[in-house]
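The chain contents come next:
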2 protein chains.
Amino acid sequence: MEKIAVSKATLGRLPHYLQHLRTVFKNNDEYISATSIAKSLALGEVQVRKDLNSVSGAGKPKIGYEVEELIKSIEKVLGYDNLTNAVLVGAGQLGKALLNYEGFEEFGVRIMAGFDIEAKKQTSNQKQILPMEEFSKFCKENNIKIGIISVNKESSQQICDLMIENGISAIWNFSPLRLNVPEGILLQQENLALSLAHLNNQLVNQN
Amino acid sequence: MEKIAVSKATLGRLPHYLQHLRTVFKNNDEYISATSIAKSLALGEVQVRKDLNSVSGAGKPKIGYEVEELIKSIEKVLGYDNLTNAVLVGAGQLGKALLNYEGFEEFGVRIMAGFDIEAKKQTSNQKQILPMEEFSKFCKENNIKIGIISVNKESSQQICDLMIENGISAIWNFSPLRLNVPEGILLQQENLALSLAHLNNQLVNQN
């Protein structure tokens with residue numbers, strides 16, 4: 001598999017390009033220019049060029065990008081050809097909201113199941129919530145690579161360690177505790193309060 | 001009120017500094033050096049200096065920062081002296097999770113209430129969930145400045161417009177729709193799928 005790392009900002013725009021390109025492709029257009037894409041999506045032309053060149057290489061002068069090829073390139077970067085399997089531990093309110101959040105698969109990740117110590121939490125819409133006893137077996141059988149942590153602060157390091165023991169190599173942490181992970185393990189700390197704080201700080205300084 | 005805009009990264013570290021400084025203050029230490037703070041919090045010294053100088057001005061050579069003054073400066077930037085009032089619209093799973101998320105007040109924002117079209121959703125822990133009919137009155141009476149949107153894609157622009165009509169000047173949007181706001185209104189788009197996509201992209205490119 002070809003490996004292309006793109007910036008988070010570019011990544012965020014890729015689904016919009018993809019959606020537009022699929023519409024264009026249905027209309028049997030073979031080529032598309034950056035100018036046309038920029039206009040349709042209300043983006044800057046320089047930005048569109050930069051984004052698309054980073055996933056696919058430059059378009060042809062005066063012709064543009066080959067639509068079908070560009071679609072395939074974006075799908076590859078977004079992981080459509082190879083969904084990464086994820087699990088979530090901690091099926092409280094936030095956990096359930098994440099389990100049922102639409103749009104993760106659009107970015108190449110499939111949350112296979114949620115886990116919780118409380119056995120009474122059995123299902124949440126279509127996603128199954130399993131007891132922790134089944135965690136290890138499930139991770140191994142389903143080649144789970146991403147672990148999402150939405151337990152409380154007190155349990156989060158323990159859950160993180162358990163995930164790594166079971167072959168998970170990327171952790172997405174929603175608990176407010178800063179986790180320790182060994183080298184080679186990817187950790188992304190999500191701090192919802194921080195986003196709100198940033199907005200508030202801008203607001204206070206604007207007035 | 002003194003106005004200080006700091007970077008999102010610095011903002012994220014301020015509560016850690018604050019917690020540490022309060023402990024130091026309890027021990028009756030009048031001054032503290034950046035070196036000591038850096039060591040205690042496992043941060044780089046240059047970073048600590050940069051962070052603290054951006055909120056408080058430089059420390060005194062060979063003496064360091066005045067602990068009490070530094071605490072007050074950080075509290076001011078975080079908005080402790082003047083909490084901003086917020087409301088949330090859309091009390092589904094994600095909405096409820098946000099309503100009960102701990103730590104927003106620590107960053108200067110108080111979510112006063114949630115609103116939902118479904119009257120059956122009445123309360124969620126301590127936070128009240130009110131019917132939409134009460135929205136305008138509530139916003140005006142409580143000087144609401146921040147609106148959090150956790151409704152579905154279809155309703156989000158309508159809710160955003162309603163918020164602005166009622167004096168809200170900063171929007172934190174969790175719906176996947178890109179909202180249109182007039183000039184002067186702050187908009188922060190939260191895309192949870194995007195954070196996960198970023199983690200996945202790093203993972204795929206690491207292997």
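Model, not experiment: these values are computed from the prediction.

Draft legend 1. Geometry of unusual backbone geometry. Phi is positive for Asn28 of chain A, which is not a glycine, with a value near 65°. Turning to its location among the elements, Asn28 of chain A is positioned in the loop between helix H1 (8–26) and strand E1 (31–32). What makes Asn28 of chain A exposed here is its relative accessible area of 70%. We note that Asn143 of chain B has phi near 50°; this positive angle belongs to a residue other than glycine. When you line up the elements, Asn143 of chain B lands in the loop between helix H6 (135–141) and strand E7 (146–149).

Draft legend 2. Quick look at the interface of chain A and chain B. At the interface, 54 residues of chain A touch 54 residues of chain B. Around 5300 Å² of area is buried between chain A and chain B when both sides are counted, 63% of it from carbon and sulfur atoms. Three residues stand out in chain A for area buried against chain B, namely Leu192, Leu196 and Leu199 of chain A, and they jointly supply 12% of the buried area on that side. Connecting chain A to chain B are 0 salt bridges. Between the two partners, chain A and chain B, sit 8 residue pairs in polar contact (both at pLDDT 80 or more). Of the residues belonging to the side of chain A that touches chain B, the class tally is 28 nonpolar, 20 polar and 6 charged.

Each value, and the rule that gives it
- Residues numbered from 1 in each chain as written.
- Chains lettered and ligands numbered in written order.
- Predicted model: local features only at pLDDT ≥ 70, side-chain atom pairs only at ≥ 80, totals over all residues.
- Heavy atoms only, no water.
- Helix = DSSP H or I, 4+ residues; strand = E, 2+ residues; numbered from the N terminus.
- Buried < 20%, exposed > 50% of the residue type's maximum accessible area, 1.4 Å probe, protein only.
- Contact = heavy atoms within 4.5 Å.
- Buried area = accessible area lost by both parts, 1.4 Å probe.
- Salt bridge = Lys/Arg side-chain N within 4 Å of Asp/Glu carboxyl O.
- Polar contact = N/O pair within 3.5 Å; in protein donor to acceptor, adjacent residues only side chain to side chain.
- Nonpolar A, V, L, I, M, F, W, Y, C, P; charged D, E, K, R; others polar.

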